[in-house]
Amino acid sequence: MIRIGLIALVLLVAGFAAWVRLAPLPADRWHKMAATKTEGDWPDTGGFEAVRQIPDPQARLAELGRIVAASPRTVLLEGSVEEGLMTFVTRSAVWGFPDITNLWIEGDRVHIRGHLVFGRSDLGVNRDRILGWLGRAGL
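These remarks concern the structure in this document.

1. Some words on the pattern of salt bridges
Opposite charge on two side chains permits pairing when their charged atoms draw close.
Thought 1: Throughout the structure, instances matching the rule amount to 7 salt bridges.
Thought 2: Where Glu49 meets Lys37, a salt bridge forms, and the shortest distance between an N and an O atom there is 3.5 Å. On the criterion of sequence distance, the pair formed by Glu49 in strand 2 (residues 47–53) and Lys37 in the loop between helix 2 (27–30) and strand 1 (40–44) is long-range, its members being 12 residues apart.
Thought 3: Looking at Glu49, the relative accessible area reads 1%, which means it is buried.

So this is what it looks like as structure tokens:
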């Protein structure tokens, strides 16, 4: 009986892991700009947004895009510097939980917003990740 319970538990955990890693992330759902915010840092449930006012936002967007793309377990989902909007997916190391990061230009401001896909709390992971990226970019 214990053996059957353990097998069921292993199958349940494996099924959950597969679901998290293989769930589709349609670009039309995630590739968008959030509501307009002023310059500053904006914590949110399950995410974080930072807005920086800078003289050459397109060049900074390109620089941030390179920094984000070079991060472990991060891939570009949609967008480009020319479009003024880039959307990335970063997956956690163990479970592969996806976090979405949107980078976009609005006037003379660059926005970077990270948020989870599953669950309610990201435990500050997106905040730490975004502030690290901004630090590397000198912002």
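2. Re helix 4 (residues 125–136)
Thought 1: An ideal rise of 1.5 Å per residue puts 16 Å on 12 residues; helix 4 measures up with 17 Å between its terminal C-alpha atoms.
Thought 2: Residues of helix 4 that are buried: Asn126, Arg129, Ile130, Trp133 and Leu134. Relative to the axis of helix 4, the buried residues are bounded by an arc of 130° and lie together on one face. Opposite its buried face, helix 4 presents the exposed residues Gly135 and Arg136, each directed more than 90 degrees away.

3. A look at the nonpolar core
Thought 1: Within the largest apolar cluster, 18 residues are counted, with the highest numbers of intra-cluster contacts made by Leu64, Leu103, Ile112, Ile130 and Trp133.
Thought 2: At the level of elements, strand 2, helix 3 (57–69), strand 4 (85–91), strand 6 (109–116) and helix 4 are the ones that each hand at least two residues to this core.
Thought 3: For this core, the leading source of residues is helix 3, giving 5 residues.
Thought 4: Not counting chain neighbours up to four residues away, the residues in contact with Ile130 comprise Phe48, Ala50, Ile112, Arg113 and Gly114.
Thought 5: Within the second largest apolar cluster, 5 residues are counted, among which are Leu25, Trp30, Val89 and Ile100.

4. Points about the pairing of strand 2
Within a regular strand, the side chains alternate between the two sheet faces.
Thought 1: Of all 7 residues that make up strand 2, 6 are buried, and the element is covered over most of its length.
Thought 2: Counted between consecutive antiparallel strands, the loop separating strand 1 from strand 2 contains 2 residues, among which Gly46 sits at a positive phi close to 75°.

5. Structural notes on unusual backbone geometry
Peptide bonds are trans in most cases, and residues, glycine excluded, mostly fall at negative phi.
Thought 1: Residues other than glycine seldom take positive phi values, yet Arg73 does so here, at roughly 60°.
Thought 2: The topology assignment puts Arg73 in the loop between helix 3 and strand 3 (74–80).
Thought 3: Although it is not a glycine, Leu123 sits at a positive phi angle of roughly 55°.
Thought 4: Residue placement: Leu123 occurs in the loop between strand 6 and helix 4.

6. Things to note about the layout of surface pockets
A probe matching the size of a water molecule, rolled over the atoms, marks out where space remains unfilled.
Thought 1: Each pocket or cavity is described by its volume, and for the largest pocket that value is around 240 Å³.
Thought 2: What lines the largest pocket is a set of 18 residues, among which Ser92, Phe97, Asp99, Val125 and Arg129 lie closest to the centre.
Thought 3: The element that contributes the greatest number of residues to the lining of the largest pocket is helix 4, accounting for 3 residues.
Thought 4: Partitioning the lining of the largest pocket into residue classes produces 8 nonpolar, 5 polar and 5 charged.

7. Examining the side chain of Thr90
Thought 1: Among the secondary structure elements, Thr90 is positioned in strand 4.
Thought 2: Using a relative accessible area of 4% as the deciding quantity, one classes Thr90 as buried.
Thought 3: In terms of polar contacts, Thr90 uses its side chain to reach the side chain of Thr74, at 2.8 Å.
Thought 4: Setting aside anything within four residues of it in sequence, one finds Thr90 in contact with Pro72, Arg73, Thr74, Phe97, Pro98, Asp99, Arg129 and Trp133.

Rules and cut-offs
Residues numbered from 1 in each chain as written. Predicted model: local features only at pLDDT ≥ 70, side-chain atom pairs only at ≥ 80, totals over all residues. Heavy atoms only, no water. Salt bridge = Lys/Arg side-chain N within 4 Å of Asp/Glu carboxyl O. Helix = DSSP H or I, 4+ residues; strand = E, 2+ residues; numbered from the N terminus. Buried < 20%, exposed > 50% of the residue type's maximum accessible area, 1.4 Å probe, protein only. Expected span 1.5 Å × (residues − 1). Arc of directions from axis to C-beta. Core = buried A, V, L, I, M, F, W, Y, C linked by side-chain atoms within 4.5 Å. Contact = heavy atoms within 4.5 Å. Pairing = 2+ DSSP bridges. 1 Å grid on protein atoms, 1.4 Å probe; cavity = no way out; pocket = protein on both sides within 12 Å on 5 of 7 lines; lining within 4 Å. Points joined across faces, edges and corners; volume = space filled by probe spheres on them. Nonpolar A, V, L, I, M, F, W, Y, C, P; charged D, E, K, R; others polar. Polar contact = N/O pair within 3.5 Å; in protein donor to acceptor, adjacent residues only side chain to side chain.

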